[in-house]
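Structural description and commentary
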Amino acid sequence: MSQPIPMLLKANLKQLKLPTMLAEHDKLAREAADADEPYDSYLLRLTEAELATRSANALTSRIRAAAFPVLKDFDTFDFTAVPGLPKQKVLELARGEWVEQHFNCCLIGGSGTGKTHAATALGLALCRLGKRVRFVTAAGLVTQLEEAHQQHRLDRLLAQLDRCDPLIVDELGYLSFSRTGAELLFQVFADRYERRSLLVTSNLPFGEWGQVFHGDRMTAALLDRLTHRCHIFEMNGESYRFRESMKTKKDGAPKKGK
Ligand code: ADP
Ligand code: MG
């Protein structure tokens, strides 16, 4: 052999694209020798290290691809503040069975009631399960659809969206759409029926969705599909944001009787 073994080994691990084994094999070999470990258990440790980094990297890229606006998890979510969103039920949804069964989920409630936070935390949990999550705002999605439609690449965008499961559509109802925009959004929702999951958040009760989807017929057809197999949570109550800011003000103010 013209080259020393360590160099050849490094070159092979590089060529085989095993960067963690490349980085760790020396240290683990020393540990294995010190502990008098058999060869196969050393190899097992090395492959475990490689697999662990691979799965961590895959999770990071799934979370990046999901495009959450901010990363918020359930550890900072106060379920006692939202009686409409029972903790046990949500943690069950975080186990992802509803996505495998092509169910939908709707979080309905006023501004600041934690819809985006809960949708993001649920999305993160699903990323950890290996799901291809995509987070969009309804307005952002409609803009993308309209642009793709104008530029004759709608099919490509629809195919991309179809690969995401679940598709999280946040803030439906804050803005109304053009007729074409509403029709395109309807198409996305209708296409997913019983094949893919949607998680929709809205400040509007279902009865008012006609304002967004021009006309009662399209709204009825959409709601019929969306809510057929759907977990619906009404998160009404006081705005968490508002309540927290009032609490801060109160805590900061001099206390009476002290
Ligand atoms: P929405 O999307 O319903 O308007 P957000 O999810 O954006 O509300 O919540 C507004 C702010 O309040 C965010 O910073 C969010 O993290 C926080 N928040 C809302 N509800 C809760 C909750 N139950 N526990 C902890 N933080 C919350
Ligand atoms: Mg929101």
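Please refer to the structure higher up on the page.
Note that the structure is a prediction, hence the values are computed from the model and not measured. (Residues numbered from 1 in each chain as written. Chains lettered and ligands numbered in written order. Predicted model: local features only at pLDDT ≥ 70, side-chain atom pairs only at ≥ 80, totals over all residues. Heavy atoms only, no water.)

**Focus: the overall build of the chain**
How we decide: Secondary structure elements follow DSSP: runs of H or I of four or more residues count as helices, runs of E of two or more count as strands, with numbering from the N terminus. Put simply, the radius of gyration uses C-alpha atoms, and a globule should come to 2.2 Å times the residue count raised to 0.38. Exposed residues in this analysis have more than 50% of their type's maximum accessible area, buried residues have under 20%, and partly exposed residues fall in between, with area computed by a 1.4 Å probe over protein chains only. We call two residues contacting when some pair of their heavy atoms lies within 4.5 Å. Accessible areas in this description were obtained via Shrake-Rupley with a 1.4 Å probe; residue shielding takes into account the shown protein chains only. Charge assignment in this entry is limited to Lys and Arg as positive and Asp and Glu as negative, and neither His nor the chain termini are counted. Charge placement uses NZ in Lys and CZ in Arg. For Asp and Glu, CG and CD serve respectively.
Assigned secondary structure in the chain consists of 11 helices and five strands. Radius of gyration (C-alpha) of the chain: 25 Å, far over the 18 Å computed for a compact globule of 258 residues. The principal-axis extent of the C-alpha atoms belonging to the chain is close to 80 × 70 × 30 Å. Relative to its 258 residues, the chain shows a buried fraction of 37%. Taking the intrachain contacts of the chain between residues at least 6 apart in sequence as the baseline, contacts between residues at least 24 apart amount to 79%. As displayed, the chain has an accessible area near 15,300 Å², and 54% of this comes from carbon and sulfur atoms. Within the chain, the 32 negative side-chain charges are centred at a point lying 4 Å from the centre of the 36 positive side-chain charges.

**Brief notes about the state of the cysteines**
Condition: Note on terminology: pairs of cysteine sulfur atoms within 2.5 Å are recorded as disulfides.
In the structure shown here, the tally under the stated rule is zero disulfides. Just so you know, Cys 106 is unpaired, no disulfide at all, and the nearest cysteine sulfur is the one on Cys 230, 3.7 Å from it. Given the relative accessible area of 0%, Cys 106 is considered buried. In this structure Cys 164 is not part of a disulfide, and its nearest cysteine sulfur, from Cys 127, lies 10 Å away. According to the relative accessible area criterion, Cys 164 is buried, its value standing at 12%.

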